[in-house]
Structures are given as C-alpha cells and as structure tokens.
Amino acid sequence: MPSGVVQVPVFVYPQQIAFYLDDQSTHKHIITLYNPYDFTIRFRVLCTAPNKYTVVDPEGAIRSHNCIDIVVRHNAVSPTNCNITDKFRIQMRNYTTRQVIGKQDVPATLLPGKPIVIATSTNDPEEFQKLPKATASVQQQFGLVRDQRAVPGRIQTPNYIVVTAALICIGALLLPTQGEKESRIPVYLHLTINLKLIFAYVLGLVTMALLRPA
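Residues numbered from 1 in each chain as written. Predicted model: local features only at pLDDT ≥ 70, side-chain atom pairs only at ≥ 80, totals over all residues. Heavy atoms only, no water.

As a reminder, the rule being used: UniProt positions are given in the numbering used here, feature names are shortened, and annotations may be inferred rather than shown by experiment.
By the naming in an unreviewed UniProt entry, the protein chain goes by Motile sperm domain-containing protein 3 and is assigned to Gryllus longicercus. Reading the Subcellular location (unreviewed entry) entry of the UniProt record for the protein chain gives the comment "Membrane".

1. A word on helix α2 (residues 160-174)
Each α-helix turn comprises 3.6 residues. Residues three or four places apart therefore point the same way. The test is simple: The helix and strand labels rest on DSSP assignments: H or I over at least four residues marks a helix, E over at least two residues marks a strand, and numbering proceeds from the N terminus. Multiplying one less than the number of residues by 1.5 Å gives the expected span of a helix. Buried residues are those whose accessible area, probed at 1.4 Å on protein chains only, stays under 20% of the maximum for their type, while exposed residues exceed 50% and partly exposed ones sit between those limits. Note that the arc is computed from the directions linking the helix axis to the C-beta atoms.
In a regular helix each residue adds 1.5 Å, so 15 residues correspond to 21 Å; α2 covers 21 Å between its end C-alpha atoms and thus fits that length. Within α2, burial applies to V162, A166, C169 and A172. Seen from one end, α2 has its buried residues packed into an arc of 125°, which puts them on one side. What points out from α2, more than 90 degrees from its buried face, is the exposed set Y160, L167, I168 and L174.

2. A closer look at the pairing of strand β3 (residues 28-35)
For clarity, the cut-off: For two strands to be treated as a pair, DSSP must find no fewer than two bridges joining them.
Relative to β3, strand β1 (residues 11-13) runs antiparallel, the two sharing 3 bridges. In the sheet register, V12 faces β3, and the bridge partner there is L33. Bridge count for β3 against strand β7 (residues 66-74) is 8 bridges, and the pairing is antiparallel. Bridge assignment links L33 to a residue of β7, and that residue is I68.

3. Topic: the packing of aromatic side chains
Aromatic ring pairs are defined here through the distance separating the ring centres and the angle between the ring planes. How we decide: Stacked, tilted and edge-to-face pairs are distinguished by plane angle, under 30 degrees for stacked and over 60 for edge-to-face with tilted covering the rest, among Phe, Tyr and Trp rings (Trp via its six-membered ring) whose centres lie within 6.5 Å.
Under the defined criterion, the tally for this structure stands at 4 aromatic pairs. Consider the rings of Y53 and F88, whose centres lie 4.9 Å apart with planes at 70°: the pair is edge-to-face. Residue Y53 is located in strand β5 (residues 53-55), and its partner F88 is located in strand β8 (residues 85-94); the two are separated by 35 residues in the primary sequence. Residue Y53 shares its accessibility class with F88, and that shared class is buried. Members of the aromatic cluster, joined through ring pairs, are F11, Y37 and F39.

Here is the structure:
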C-alpha cells in the first residue's frame, strides 16, 4: 500500500446490530470485516460504551482479499439499558504506519422483548387467479414472440440479454487467475479463483436457459 494517508471505504456486515432483552440467542453477534484490496490492512474496534460489551479480538490484521469475523457480546442486558443505542467504530489502518485510512460506525441497540417473527399462513385471505395468456397481436406488439420449436422458414431470435451474460462469463473465465505472473494483461484484470467459480456457475445457468426447450 502507498505510504501516504489514503482514505478507503470500509466494508462491514451487518451495518447495525439489535440485541433483544428476552432472547438470549441475540445477546451475541458476529461482525464480518472485509478487505477487498490488494494489500494487508490492520483493524481496530472501538466502542462508545466499552463496559457494556465484550469484543473477541478487537484488533488485528486482514490479509488482501480476505475477511475476518469478530464476536460481540452484550454484557449489560437489563431493562434499564433498553432502547439505548451505542456505537462500534471499525477503524482500518495502514499496516506499516498504523495511520487510520478508513472508518465505519455500527449502531448497537438493546430492545425489549423478543424479535418479531412474521409467521407465514397457508390460508391466504386473498384469492389469486391464473392470468390469461397473451394473444398473438399483444405478443407481437411488445416483442414477446419467441417460438423455440423448429419451424421451417422461421429464424429464432435469441435472448440477447442471456447471450450477453454468457459472453461476459466466458470473457471473465479467459482472464488470468490471480497469482499468474507471466501474463501481458494488467494485474487489476486478474481474477481470484472464487470469482471465476462464480462466473462458471452463472455460465452454467445461462447455458441451461439457452438450451431449455419451449
């Protein structure tokens, strides 16, 4: 990383935390810190109310293109602390100089009761009915006619969005993998193995969509 102070975005999930007084399973949360950059960074977790929380490994380093999980536990779960919002500040620091290069605040609130679970009912009060099929004239008006059957004299029009997605995936898979040194392609176009796996998975789905019969 350059020696100067360069501010970078900080990627944290989740961006807010909710503890519930009557649900012990919510008294502990995991915060994931991401490092999508090409250099190692240090991190430090600060808090506006440090006596109320325990943070496992509040300081450390994250290697390039990696992430790390930190565990946050609420130690002052009581009715008097309900509806009070504290904040965790995630600082990212230059690995060498330890200067702050980015920060992100994560609000944390203790709420009364338990989390509300929205139950799904099998008895739907609203009646949904099947939509009628579009007529040929309407299909032609909106460009929806696409017959997949082999009809003599008819030229089938491919789905250009699907074809474009397939070409993008193929192009991404042809790029060098991160770590390959003997390549004329710029380093920032080298993809990680995880990204190539994602592109390969999407390419498989796109191929199935193209080959799917009507």
